[in-house]
Amino acid sequence: MASSRQDYIAPWWTYWLHNFPHLNFNFQTVDKTFKPEDASYQQSLIFLACVSAVGLGLSLLVLSAFLTCLCCCRREENEEVKRPDTCCVTWAAVITGLVICSAVGVGFYGNSETNDGVYQLTYSIYNANHTLGGIGSLVGNSLGSMQVGLKEHLERLDEIFSPRGDYTQTLRFMQQMANNIIQQLTAMPDTRKVQVDLAVIADKTSFIEYYRWLTYLLLLILDLLICLITCLGLAKQSRWLLAVIMVCGVLTLIMSWVSLGAGTATAVGISDFCVSPDKFIVNQTKDSLSADIVHYYLYCSQSLPNPFQQSLTVFQRSLTTMQIQVQGLLQFSVAVFPTAEKDLLGIQRILNSSEFNLHQLTALLDCRSLHKDYLEALLGVCYDGVEGLLYLCLFSLLAACAFCALLCAVPRAWTLIAIRDKDYDDIDEEDPFNPSRRITAYNPSRAQVHSFCSYSSSMGSQTSLHPPLPATSSTPEYMNQSMLFERNPRYENVPLIGSSSPPPSYSPSMRTTYLSMTDAQIRHFGTDFQM
């Protein structure tokens, strides 16, 4: 049946997914025809979803084996190696980050494509539902007008025209035409059941699609956050960030495999429908619509006759005949029976309204409108929808592999950070090359030494002198011999009076002031100034 379609051709990826093995829980082959109500077919889709559970189990098994080997078979680190090789961990983190970013990009594209396809499907279903609702409304209005309004007018006219047998005969003929119209309208298929079914399908599809889109969006954002936290954790070498990566990575790994299984099962199920959609529609509507009506709308070919053509023709001819009869009665009977004019004009209004409804009904019953909605729904779900699901499956697979590699690299980074901290803790505090030793030696708050110039200024003898600027030197702190070999470091701003060769910047008055210092002043400044 699907091969005769000229306006819809299923894409190749639907045939590829349709050829996936369909096995039930007993590992028996199941018919690939789309039958969502069949228990065996449901088991085949669940079986495909459970394949990802096997991948999840293997991933967790590999991670457990790797962590066990890392903890139990860790070789002793060489004590002479102060900076362990982090090249492997760095490149693993970089490659994993690139793969995760690429997977997230693929996921965003697939999520958007799937959402577009489902939106086109629901939009087409709502349009078809609106068309069916219009058909039901027009048929109901026309039936009500013929069964109630026209009957009341004919009964009153029958009383008025009772003295004239020819007029009453015309009224009976009009009633016969009205019965023909009622019979044809009653034979029209009841679209209310189909309308209700389509509304339920559209509402459920929209509800499921919203939460599916939101779930994938949160999963994509979580992957990006983990990738960012990984970069920060490796850059700052923070253990708590690596712990967060481990917890979130395991969670995301599980969610990736779950999404892969759900996406695969959904894509295969939709592909089974897309390969032969006409057969499924015929089977679903056989209780409410006849096969020729369903084929008329599914194919909309000029070679297929319109199943409503006869009913519409009878409707049109009956209305035309009744309008001719009413015009004759208005022309000849009103002069004799003036009270009949009101009912005749009421019948004329009913006939005009019914004719307007007939034209609208003819347009709505034409196959082109519903067939267009049907094709748009197929294109949306079978092209954009299934394609987007394939991209989402690719995203889930890449994310699962990348996070598995990342979880293997994080424990190694944790070990390297521990080795680094251990190496820093092993440095002797008295080692002049210790960074903390250098920072402590550079801190001037450990020994406050008053300069000679500031003291002399406070005495008032040299009010014009200012403290000399600290000497700047390109020699590192640890090259200062006074710091390396003396427990109390020397300071460059102390005058070298004891060496009998004062600096050229010292004036005779400064030398005199220094030599005249009392013992109390010497005790105040410490022993660093003693010669």
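Small disclaimer: the values here were computed from a predicted structure and weren't measured.

Undergrad: Looking at this structure, I do not really get the overall build of the chain. What am I missing?
TA: Along its length, the chain carries 16 helices and zero strands. Across the 531 residues in the chain, those meeting the buried criterion constitute 38%. In the chain, 80% of the contacts between residues at least 6 apart in sequence involve partners at least 24 apart. Of the roughly 30,800 Å² of accessible surface on the chain, 60% is carried by carbon and sulfur atoms.

Undergrad: Would you mind going over the UniProt feature "transmembrane region" (unreviewed entry) in the chain with me for this structure?
TA: Feature annotation in UniProt assigns "transmembrane region" (unreviewed entry) to the following positions: residues 45-67, 88-109, 213-235, 240-260 and 389-410. Span residues 45-67 is 100% helix and 0% strand, its end C-alpha atoms 34 Å apart. Summarising residues 389-410: 100% helix, 0% strand, and an end-to-end C-alpha distance of 31 Å.

Undergrad: Please clarify how the packing of helix H9 (residues 309-332) against helix H10 (residues 340-365) should be interpreted in this entry.
TA: In a pair of packed helices, the angle between the axes and the distance between the axes together describe the arrangement. Closest axis-to-axis distance for the H9/H10 pair is 10 Å, and the angle between their directions is 160°. Classified by the angle their axes make, H9 and H10 are roughly antiparallel. Like other packed secondary-structure pairs, H9 and H10 cross with a definite hand, here left-handed. In terms of residue class, the contact of H9 with H10 is built from 14 nonpolar, eight polar and two charged.

Undergrad: What is the right way to read the environment of Ala103 from this model?
TA: The topology assignment puts Ala103 in helix H3 (residues 87-160). Looking at Ala103, the relative accessible area reads 0%, which means it is buried. Separated by 296 residues in the primary sequence, Ala103 and Ala399 have C-alpha atoms spaced 6.1 Å apart. Those residues in contact with Ala103 that sit more than four places away from it in its chain are Phe395, Leu398 and Ala399.

Undergrad: Help me out: how do you make sense of the state of the cysteines in this one?
TA: By definition, a disulfide is the covalent link that joins the sulfur atoms of two cysteine residues. Scanning all chains against the criterion turns up two disulfides. Paired through a disulfide, Cys274 and Cys382 show a sulfur-sulfur distance of 1.9 Å. Between Cys274 and Cys382, the disulfide has an S-S torsion of -95° and is therefore left-handed. In this pair, Cys274 is assigned in helix H6 (residues 239-275) and Cys382 in helix H11 (residues 367-425), connecting sequence segments 108 residues apart. The class for Cys274 is buried, based on a relative accessible area of 0%. In this model, Cys300 is linked to Cys367 through a disulfide, with the two sulfur atoms separated by 2.1 Å. Since a negative S-S torsion denotes a left-handed disulfide, the Cys300-Cys367 link at about 60° is right-handed. Taken together, the residues span a long stretch of sequence, with Cys300 in the loop between helix H8 (291-299) and H9 and Cys367 in helix H11 at a distance of 67 residues. Residue classification places Cys367 among the buried positions, given a relative accessible area of 6%. Each disulfide of the chain joins two cysteines, and with those cysteines numbered along the sequence the arrangement is 1-4, 2-3.

Undergrad: What is the right way to look at the pattern of salt bridges in this model?
TA: All told, the structure shown has six salt bridges when counted by the stated rule. Between Asp343 and Arg156 there is a salt bridge, with its nearest N and O atoms 3.0 Å apart. One end of the pair, Asp343, is in helix H10; the other, Arg156, is in helix H3, with 187 residues separating them in the sequence. Close ionic contact of Arg164 with Asp166 constitutes a salt bridge, the shortest N to O distance being 3.0 Å. Residue classification places Asp166 among the partly exposed residues on the basis of a relative accessible area of 38%.

Undergrad: Which parts of the structure should I look at to understand unusual backbone geometry?
TA: What you tend to see is this: most non-glycine residues have negative phi, and most peptide bonds are trans. Its identity is not glycine, yet Phe27 carries a phi of approximately 60°, on the positive side. Relative to the helices and strands, Phe27 resides in the loop between helix H1 (12-18) and helix H2 (39-72). Although it is not a glycine, Cys300 sits at a positive phi angle of roughly 50°.

Undergrad: Help me understand the packing of aromatic side chains, please; the structure alone is not making it clear to me.
TA: Centre distance and the angle of the planes are the two values used to describe a pair of aromatic rings. Enumeration over the complete set of coordinates arrives at 17 aromatic pairs. Note on Phe34 and Phe280: the rings are 5.0 Å apart at their centroids and 65° apart in plane angle, and the pair reads as edge-to-face. With Phe34 in the loop between H1 and H2 and Phe280 in helix H7 (residues 277-285), the pair connects residues that are 246 residues apart, well separated along the chain. A ring pair is formed by Tyr210 and Tyr211, whose centres lie 5.2 Å apart and whose planes are at 80°; its orientation type is edge-to-face. By relative accessible area, which is 45% here, Tyr210 ends up partly exposed. One residue, Arg164, lies across the ring of Tyr167, its end atom 4.4 Å from the ring centre.

Undergrad: Got a minute to help me understand the nonpolar core in this structure?
TA: Across soluble globular proteins, you tend to see nonpolar side chains buried next to one another. Membership of the largest hydrophobic core comes to 100 residues, with the highest contact counts inside it found for Met146, Leu157, Phe161, Tyr297, Ile347, Leu361 and Leu365. The leading source of residues in this core is H11, at 22 residues.

Undergrad: Is there a simple way to think about a nonpolar patch on the surface in this case?
TA: Together, Trp91, Val94, Ile95, Leu98 and Val99 give the surface a local cluster of nonpolar side chains, amounting to about 480 Å² of exposed area. Turning to its location among the elements, Val99 is positioned in helix H3. Of the residues examined, Val99 reaches a relative accessible area of 30% and is grouped as partly exposed.

Undergrad: Quick question: what am I supposed to make of the packing of helix H4 (residues 165-187) against H9 here?
TA: Axis separation between H4 and H9 bottoms out at 9 Å; the angle between their running directions is 160°. Here H9 runs roughly antiparallel to H4, going by the angle between their axes. The element H4 and its partner H9 pack so that their crossing is left-handed. On H9, the residues that touch Tyr167, Thr170, Leu171, Phe173, Met174, Met177, Ala178, Asn180, Ile181, Gln184 and Leu185 of H4 are Ser311, Val314, Phe315, Ser318, Leu319, Thr321, Met322, Gln325, Val326, Leu329 and Phe332.

Undergrad: Would you take a moment to explain the side chain of Asn111 for this structure?
TA: Relative to the assigned elements, Asn111 resides in helix H3. By relative accessible area, Asn111 is classed as buried at 2%. Of note is the side chain of Asn111, whose polar atom sits 3.0 Å from the side chain of Arg212. Discounting residues that sit within four places of it in the chain, Asn111 has contacts with Arg212, Trp213, Tyr216, Leu217 and Leu392.

The rules behind these values
- Residues numbered from 1 in each chain as written.
- Predicted model: local features only at pLDDT ≥ 70, side-chain atom pairs only at ≥ 80, totals over all residues.
- Heavy atoms only, no water.
- Helix = DSSP H or I, 4+ residues; strand = E, 2+ residues; numbered from the N terminus.
- Buried < 20%, exposed > 50% of the residue type's maximum accessible area, 1.4 Å probe, protein only.
- Contact = heavy atoms within 4.5 Å.
- Areas by Shrake-Rupley, 256 points an atom, 1.4 Å probe, with all protein chains shown as cover.
- UniProt positions renumbered as here; feature names shortened; annotations may be inferred.
- Axes fitted to C-alpha atoms, helices over the stretch in contact; angles between N-to-C directions.
- Parallel < 35°, antiparallel > 145°, perpendicular 65-115°, else oblique.
- Left-handed = near helix turned anticlockwise from the far one by under 90°.
- Nonpolar A, V, L, I, M, F, W, Y, C, P; charged D, E, K, R; others polar.
- Disulfide = S-S within 2.5 Å.
- Salt bridge = Lys/Arg side-chain N within 4 Å of Asp/Glu carboxyl O.
- Phe/Tyr/Trp six-rings, centres within 6.5 Å; stacked < 30°, edge-to-face > 60°.
- Lys NZ or Arg CZ within 6 Å of the ring centre and 35° of its normal.
- Core = buried A, V, L, I, M, F, W, Y, C linked by side-chain atoms within 4.5 Å.
- Patch = residues over 30% accessible without salt bridge, like charges linked within 9 Å, V, L, I, M, F, W, Y side chains within 5 Å.
- Polar contact = N/O pair within 3.5 Å; in protein donor to acceptor, adjacent residues only side chain to side chain.

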